[in-house]
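Residues per chain, in single letters:
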Amino acid sequence: MKAVADSLWKQVREDFPILAREVHGRPLVYLDNAATSLTPRPVLAAMNHYYEHANANVHRGLHTLSAEASEAFEQARDKVQRFIGARGRESVVFTRGATSALNLAARAWARPRLARGDVILVSELEHHANLVSWHIITKETGAKLRFIPLADDGTWRIDLLPELLQGPVKMVSVAHVSNVLGGINPVKEVIAQAHAVGAKVMIDAAQSVGHMPMDFQALDADFLAFSGHKMCGPTGIGVLCGKAELLDDMEPVEGGGDMIVHVGWEESTWNLLPYKFEAGTPPIAEAIGLGAACEFLGGIGLDRVRAHTQELTELAARTLDGMDGVHVYGPLVGRLGPVAFAVDGVHPHDVATLLDGEGIAVRAGHHCAQPLHTKLGASATARASFYITNQPEDVDRLVAGLQVVQEVFGVR
Ligand code: C6P
């Protein structure tokens, strides 16, 4: 059984041409998947095919190339819809990424509906995209933020939820998987409790879609935001998935081509969903690439993707935490992707620079989660993040790399 699994992942790795390269004379170990994942050949091929055979704008031309481009673009939407279990294609709004998806819902749903004193519930581990977008709204509306606190192991204090949901809580907007602590958060429970008090729920799924099975309808969130480039797709494309009745009730944020039915001198009427929120020429090749990424991951099977990624993540968290002078932030189990850590006596930036010298790519900094780092008592952390392109040997290389770091700094 294990041999079958090993050969599957070996085959998967062969689809990623970049894994053949060396960095500083060493075979690349890419452990920065939470920032952006690598891109497999079928995704590159789908985008190339568009540029080589149907390079035209969508929804605008009557000529063959434009019709083919439009068809490929809309097929990509259908692939995304099936991939995340949305009820209909009208629920799938293409955006620039998770950040613009989160901001779109904050602006179009929340801004006109929130008033002074209303509450938006987030958690202490949120990425800036799900925090600063709300700072803009609280500044404009007088609504305020409330936070689900973290327990010592970096998991949510879910026991406090009934208390946190008291009062005028209108929106709950939380991450499914933390990009620093890696914990898989109990969003289903949050959604149920939030709905019971009449609040809407948005899930920042930037680190979960494409990493585990996703069923938007079963999850019953009101909005779901994610990026293509963290799930084997290209940069520049993401999705805001929303319940159609909510999207329908929202006003567009951007005006321009494609989002209108009729434009007069003084006013216009809006197009149907999802086009109402897609003003201007969309990222066509990128949407097609995202559709191909959905097919690629679907072909592997999302249960397998999750099991492989979680196994490696937990192996890395356990192993690093067991090293002298190394400390892992966040839970050691129930963890998917990111492993943030500290090496005693070495700045995280030096950790990342020295690991790069060993051919190992990790990220260092606050990972766009500054308030979380304040809570952790660290201005920065180093972070290794795992995905389908990784293998157990990568954990061995990371451990060996960290030993080099400790030797160079004389902390071993
Ligand atoms: N986190 C990381 O290295 P964009 O940049 O729009 O594709 O995704 C934003 C975003 C939103 N939510 C979460 C939980 C995220 O992790 C990210 C992106 C990257 O951790 C880049 S800062």
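Residues numbered from 1 in each chain as written. Predicted model: local features only at pLDDT ≥ 70, side-chain atom pairs only at ≥ 80, totals over all residues. Heavy atoms only, no water.

Let us now look at the side chain of T313. For T313, the position within the fold is in helix α11 (residues 302-321). When its relative accessible area of 0% is taken as the criterion, T313 is described as buried. Apart from residues no more than four positions distant in its own chain, T313 is found in contact with R335, L336, G337, P338, V339 and F386. (Helix = DSSP H or I, 4+ residues; strand = E, 2+ residues; numbered from the N terminus. Buried < 20%, exposed > 50% of the residue type's maximum accessible area, 1.4 Å probe, protein only. Contact = heavy atoms within 4.5 Å.)

As a further point, take unusual backbone geometry. With the exception of glycine, most residues fall at negative phi, and the peptide bonds are largely trans. Look at the link from L273 to P274: it is a cis peptide, with omega at -5°. Inspection of the secondary structure puts P274 in the loop between β12 (268-270) and α10 (284-300). Despite not being glycine, D258 has its phi angle at roughly 80°, a positive value. For D258, the position within the fold is in the loop between α9 (244-249) and β11 (260-263).

This part is about the packing of α10 against α11. Viewed as axis vectors pointing N to C, α10 and α11 meet at an angle of 80°, and their least axial separation amounts to 5 Å. Compared by their axis directions, α10 and α11 come out roughly perpendicular. Mapping the contact onto sequence places L297, G298 and I300 in α10 and L302, R304 and V305 in α11. Class assignment of the residues belonging to the contact of α10 with α11 gives a composition of 4 nonpolar, 1 polar and 1 charged. (Axes fitted to C-alpha atoms, helices over the stretch in contact; angles between N-to-C directions. Parallel < 35°, antiparallel > 145°, perpendicular 65-115°, else oblique. Nonpolar A, V, L, I, M, F, W, Y, C, P; charged D, E, K, R; others polar.)

The next thing to look at is the nonpolar core. Membership of the largest hydrophobic core comes to 79 residues, with the highest contact counts inside it found for I84, V172, I203, L224, L297 and I388. Taken domain by domain, this core gets at least three of its residues from each of domain 1 (2-30 + 301-408) and domain 2 (44-299). Filtering out sequence-adjacent residues up to four positions away, I84 remains in contact with V209, M214, D215, F216, L224, F226 and C241. Counting 28 residues, the second-largest nonpolar core is a separate cluster that includes L104, A105, A110 and L240. (Core = buried A, V, L, I, M, F, W, Y, C linked by side-chain atoms within 4.5 Å. Domains from an automatic or database assignment.)

Moving on, we come to the site of the ligand. Not every one of the 16 residues close to the ligand is listed here, only the nearest: T99, D204, S227, H229 and R363. Q207 has a polar side-chain atom sitting 2.7 Å from an oxygen atom of the ligand. No fewer than three residues from each of domain 1 (2-30 + 301-408) and domain 2 (44-299) sit in the shell around the ligand. (Near = heavy atom within 4 Å. Polar contact = N/O pair within 3.5 Å; in protein donor to acceptor, adjacent residues only side chain to side chain.)

Strand order across the open sheet formed by 7 strands is β4-β10-β9-β8-β7-β5-β6, with mixed pairing between neighbours. Either end of the sheet is taken by a strand with one partner, and the two such strands are β4 (92-95) and β6 (144-148). Neighbour-to-neighbour, the strand axes of this sheet turn through a mean angle of 20°, independent of strand direction. Note that strand β8 (residues 200-204) and strand β9 (residues 223-227) share 3 bridges and pair parallel. Paired with I203 across the strands is L224, a residue of β9. Contacts from helix α4 (residues 98-110) reach β4, β7 (169-175), β8, β9 and β10 (238-242) within the one sheet, and its direction differs from that of β9 by about 155°. The strands that helix α7 (residues 187-196) touches are β7 and β8; relative to β8, the one it contacts most, it runs at about 160°. (Pairing = 2+ DSSP bridges.)

It is worth spelling out the packing of aromatic side chains at this point. For the structure on display, the rule yields 3 aromatic pairs. Ring centres of F16 and F296 lie 5.8 Å apart, and the angle between their planes is 80°; on these two criteria the pair is classed as edge-to-face. Placement of F16 in the loop between α1 (2-14) and β1 (22-23) and of F296 in helix α10 is noted, with a sequence separation of 280 residues between them. On the basis of relative accessibility, which here comes to 2%, the residue F16 falls in the buried class. Classification of F296 as buried rests on a relative accessible area of 11%. (Phe/Tyr/Trp six-rings, centres within 6.5 Å; stacked < 30°, edge-to-face > 60°.)

Let us look at the sheet that holds strand β14 (residues 338-343). The 4 strands are arranged β13-β14-β17-β16 in an open sheet whose pairing can be described as antiparallel. Looking at the sheet topology across the chains shown, the edges are occupied by β13 (326-328) and β16 (363-365). Ignoring strand direction, the axes of neighbouring strands in this sheet form an average angle of 30°. Inspection of the sheet shows β16 paired to strand β17 (residues 381-385) by 3 bridges, in the antiparallel sense.

Structural measurements only, silent on function.
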